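Commentary on secondary and tertiary structure
These are the residues of each chain, in order.
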Amino acid sequence: MGFDLQYLLFLQNMREATGGVFDEFFNALSKFAVDILPFLPYVIYWCVNKRLGYRFIATTWIGEVLNGVIKLTACAYRPWIRSDKIVPAGDSKTAATGYSFPSGHTLAATMQYGTTAVWQWSKRKWLSITCVVLILLTGFSRNFLGVHTPQDVLVGLTEGVVLIAIVGIVEKRVYDNDKALDILTLVGILVTVGVILYITLKPYPMDYVDGKLLVDPQKMMNDSFKACGGFLGFLIGSYIERHFIRYEIPHSAAALPIMACVGFALMFAWKELLAPATIVPLLGGHWGNLLARGLMVLFAIIIWPLVIKKTCAATDKVSKAAQKA
């Protein structure tokens with residue numbers, strides 16, 4: 001047994017010795033990183049700082065696409081497949097999707113908390129430090145729960161840090177340059193199409209034990225199709241927004257916080273409930289997930305900003321009329 005699995009076994013023994021008292025905390029921390037935290041960029045885009053929101057969203061989807069490519073290239077099996085001595089905590093085994101390397105949860109936490117840390121460093125250092133601690137805790141949670149090896153977590157964290165730096169540098173240079181942004185949009189679309197072809201056509205390990213396939217590569221590809229759909233939604237949506245909508249945050253509108261909450265709720269409902277019950281079963285795990293994520297991001301970048309703009313303008317007009325009366 002390798003050192004990485006020995007480390008996971010040590011943590012597993014610790015879990016058992018403590019009666020699983022920490023399991024729910026680390027499980028909640030992990031789920032928050034992928035179920036709730038990825039919506040933060042859209043809330044920032046709608047009502048805090050549009051430019052920063054774009055940076056958040058771009059980092060998120062570039063990271064998801066890149067992570068998918070690495071996962072489907074390495075095709076590293078999960079720890080419990082490598083050794084039957086590893087028993088993940090609770091429902092962590094069923095919640096863990098895709099191949100093992102690198103850790104998608106760690107990457108997601110690093111991208112969101114990390115971008116927040118960079119953003120707030122000169123304003124609220126305590127918040128930045130808290131974000132760094134949450135990154136480390138989320139990464140450790142993947143080891144503690146027995147679903148990722150240390151190298152999975154380390155590479156996921158490194159991947160996120162590098163992406164935050166690169167996207168930040170590029171964003172500063174091209175944000176006000178529509179021509180450069182249009183070129184990047186086209187390049188991004190072509191790269192995404194190339195990624196789809198690559199993950200669809202490449203060979204995958206087909207290992208059987210007692211006549212049963214250990215890992216179905218078709219299922220492992222679902223997360224990457226989600227990532228490609230989300231990134232395409234961002235690329236197409238940002239192009240339309242830049243050239244035709246030109247959304248400006250109505251900072252003074254009293255209804256803005258409510259609209260942000262409603263937008264978050266609609267996106268969450270689509271991602272967790274509606275899309276899995278409609279488009280995904282209809283079109284399948286690959287194309288259904290791609291379309292579902294693409295529509296979700298298009299809604300966030302194009303549709304909901306228009307709704308916010310009209311709603312806030314209408315409520316402000318009513319408020320001013322009431323004040324005059």
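Quick summary incoming for the structure in this document. (Residues numbered from 1 in each chain as written. Predicted model: local features only at pLDDT ≥ 70, side-chain atom pairs only at ≥ 80, totals over all residues. Heavy atoms only, no water.)

So, the overall build of the chain
Where we set the bar: Helix and strand assignments follow DSSP, with helices taken as H or I runs no shorter than four residues and strands as E runs no shorter than two, numbered in order from the N terminus. With the radius of gyration taken over C-alpha atoms, the globule rule is written as 2.2 Å times the number of residues to the power 0.38. Relative accessible area decides the class of each residue, using a 1.4 Å probe on protein chains only: under 20% of the type maximum gives buried, over 50% gives exposed, and in between gives partly exposed. Any two residues whose heavy atoms approach within 4.5 Å are treated as being in contact. Only the protein chains shown count as cover for residues, and the accessible areas themselves come from Shrake-Rupley with a 1.4 Å probe. Only four residue types enter the charge count: Lys and Arg as positive, Asp and Glu as negative, with His and the chain ends excluded. Note on charges: their place is set at NZ of Lys, CZ of Arg, CG of Asp or CD of Glu.
Helix and strand content of the chain: 15 helices and two strands. Against the 2.2 N^0.38 benchmark of 20 Å for 325 residues, the chain shows a C-alpha radius of gyration of 21 Å, consistent with a compact globule. C-alpha atoms of the chain, sized along the principal axes, occupy 75 × 45 × 40 Å. Looking at the chain residue by residue over its 325 residues, the buried ones come to 47%. A separation threshold of at least 6 residues defines the contact pool for the chain, and within that pool the share at least 24 residues apart is 81%. Surface accessibility of the chain: about 16,000 Å² in total, with carbon and sulfur atoms responsible for 69%. Averaging the coordinates of the 30 positive side-chain charges in the chain and doing the same for the 22 negative ones gives two points 8 Å apart.

A few points about the packing of aromatic side chains
Short version of the rule: We call Phe, Tyr and Trp rings a pair once their centres come within 6.5 Å, taking the six-membered ring for Trp, and we label the pair stacked below 30 degrees between planes, edge-to-face above 60, and tilted otherwise. Lysine and arginine charges are scored as sitting over a ring when NZ or CZ, respectively, is within 6 Å of the ring centre and within 35 degrees of the ring normal.
Considering all chains together, one arrives at 13 aromatic pairs under this definition. Both rings, one in Phe 26 and one in Phe 140, keep their centres 5.5 Å apart while their planes meet at 70°; by these two values the pair is edge-to-face. Of the two residues, Phe 26 is situated in helix H2 (residues 23–35) and Phe 140 in helix H8 (residues 125–144); the sequence distance between them amounts to 114 residues. The interplanar angle of 15° and the centroid separation of 6.4 Å between the aromatic rings of Phe 231 and Phe 234 together place this pair among those described as stacked. With Phe 231 and Phe 234 both in helix H12 (residues 222–245) and three residues apart, this pair spans about one turn of that helix. Each member of the pair, Phe 231 as well as Phe 234, is classed as buried. The ring of Tyr 204 has Lys 202 lying over it, and the distance from NZ or CZ to the ring centre is 4.0 Å.

Some remarks on the environment of Arg 142
Note on placement: Arg 142 falls in helix H8. Along the sequence, Arg 142 and Thr 106 sit 36 residues apart, while their C-alpha atoms lie 7.7 Å from each other. With near-sequence residues (within four places) excluded, Arg 142 lies in contact with Ser 30, Ser 103, His 105, Thr 106, Val 147, His 148 and Val 153.

Concerning helix H10 (residues 178–201)
Because an α-helix completes one turn every 3.6 residues, residues spaced three or four positions apart along the sequence face the same direction. Test applied: What a helix is expected to span follows from its residue count: subtract one and scale by 1.5 Å. As used in this structure description, the phrase polar contact means that two N or O atoms lie within 3.5 Å; if the pair is within protein, one of them must be able to donate a hydrogen and the other to accept it, and residues adjacent in sequence are counted only when both atoms belong to side chains.
Taking 1.5 Å per residue, 24 residues should reach 34 Å; H10 reaches 34 Å between its end C-alpha atoms and fits that length. Among the residues of H10, Ala 180, Leu 181, Thr 185, Gly 188, Thr 192, Val 195, Ile 196 and Ile 199 are the ones counted as buried. The backbone nitrogen of Lys 179 lies 3.2 Å from a side-chain oxygen of the residue at the head of H10, namely Asn 177.

Section: the pattern of salt bridges
Definition in use: The working definition used for a salt bridge is a side-chain nitrogen of Lys or Arg within 4 Å of a carboxyl oxygen of Asp or Glu.
Evaluation of the coordinates by the stated rule reveals six salt bridges. Taking the shortest distance from any N to any O, the salt bridge between Asp 4 and Arg 82 comes out at 2.9 Å. Here the residue Asp 4 occupies a position in helix H1 (residues 3–17), and Arg 82 occupies one in helix H5 (residues 79–82), the gap between them amounting to 78 residues. For Lys 50, the salt bridge is made with Glu 241, and the minimal N-O distance between the two is 2.7 Å. Taken together, the residues span a long stretch of sequence, with Lys 50 in helix H4 (residues 50–74) and Glu 241 in helix H12 at a distance of 191 residues. As far as the burial class goes, Lys 50 and Glu 241 line up, both buried.

Regarding the packing of helix H7 (residues 104–120) against H8
What counts is decided by this rule: Angular values range over 0 to 180 degrees, each being the angle between N-to-C directions of two axes fitted as lines to C-alpha atoms, with helices fitted over their stretch in contact. Just so you know how the angles are binned, under 35 degrees is roughly parallel, over 145 roughly antiparallel, 65 to 115 roughly perpendicular, and the rest oblique. We call Asp, Glu, Lys and Arg charged. Ala, Val, Leu, Ile, Met, Phe, Trp, Tyr, Cys and Pro are nonpolar, and the rest, Gly among them, are polar.
It is the contact of H7 with H8, at a shortest axis distance of 8 Å, that shows an interaxial angle of 170°. With respect to their mutual orientation, H7 and H8 come out roughly antiparallel. Between H7, through His 105, Thr 106, Ala 109, Thr 110, Tyr 113, Gly 114, Thr 116, Ala 117 and Gln 120, and H8, the contact on the second element is made entirely by Lys 125, Leu 127, Ser 128, Cys 131, Val 132, Leu 134, Ile 135, Thr 138, Gly 139 and Arg 142. Looking at the contact of H7 with H8, its residues break down into eight nonpolar, nine polar and two charged.

Concerning the environment of Val 153
Its location among the elements puts Val 153 in helix H9 (residues 150–174). Distance from Val 153 to Asn 177, taken between C-alpha atoms, is 36 Å for residues 24 residues apart in sequence. Residue contacts for Val 153: discarding those within four places in its chain leaves Ser 103, Thr 106, Gly 139, Arg 142, Asn 143 and His 148.

Focus: the side chain of Thr 110
Tracing the backbone shows Thr 110 in helix H7. In this structure Thr 110 comes out as buried when scored by relative accessible area, which is 1%. In this structure the side chain of Thr 110 is engaged in a polar contact, spanning 2.7 Å, whose partner is the backbone oxygen of Thr 106. When sequence neighbours within four positions are dropped, the list of residues in contact with Thr 110 reads Thr 115, Ile 135, Gly 156, Leu 157, Gly 160, Val 161 and Ile 164.

Details of the nonpolar core
Heads up, the condition is: Here the nonpolar core consists of buried residues drawn from Ala, Val, Leu, Ile, Met, Phe, Trp, Tyr and Cys, with membership extended through side-chain atoms lying within 4.5 Å.
With 46 residues, the main nonpolar core has Trp 46 and Phe 234 as its most contacted residues. When residues in this core are grouped by element, the largest group, nine residues, is from helix H15 (residues 287–324). Leaving out residues up to four positions away in the same chain, Phe 234 has contacts with Tyr 54, Ile 57, Ala 58, Trp 61, Val 297 and Ile 301. One finds Leu 11, Phe 26, Ala 96 and Phe 144 within the second-largest nonpolar core, a separate group that totals nine residues.

Things to note about the packing of H2 against H7
Let me state the cut-off plainly: Each helix crossing is assigned a hand: it is left-handed if the near helix lies turned anticlockwise from the far helix by less than a right angle, otherwise right-handed if that turn is clockwise.
For the pair H2 and H7, interaxial distance at closest approach is 8 Å and the crossing angle is 65°. Considered as vectors, H2 and H7 are oriented roughly perpendicular to each other. For the crossing formed where H2 meets H7, the hand is left-handed. From H2, Ser 30, Phe 32, Ala 33 and Val 34 reach across to H7, where they touch His 105, Ala 108, Ala 109 and Tyr 113. When its residues are assigned to classes, the contact of H2 with H7 shows six nonpolar, two polar and no charged.

Shape descriptors only; they carry no functional weight alone.
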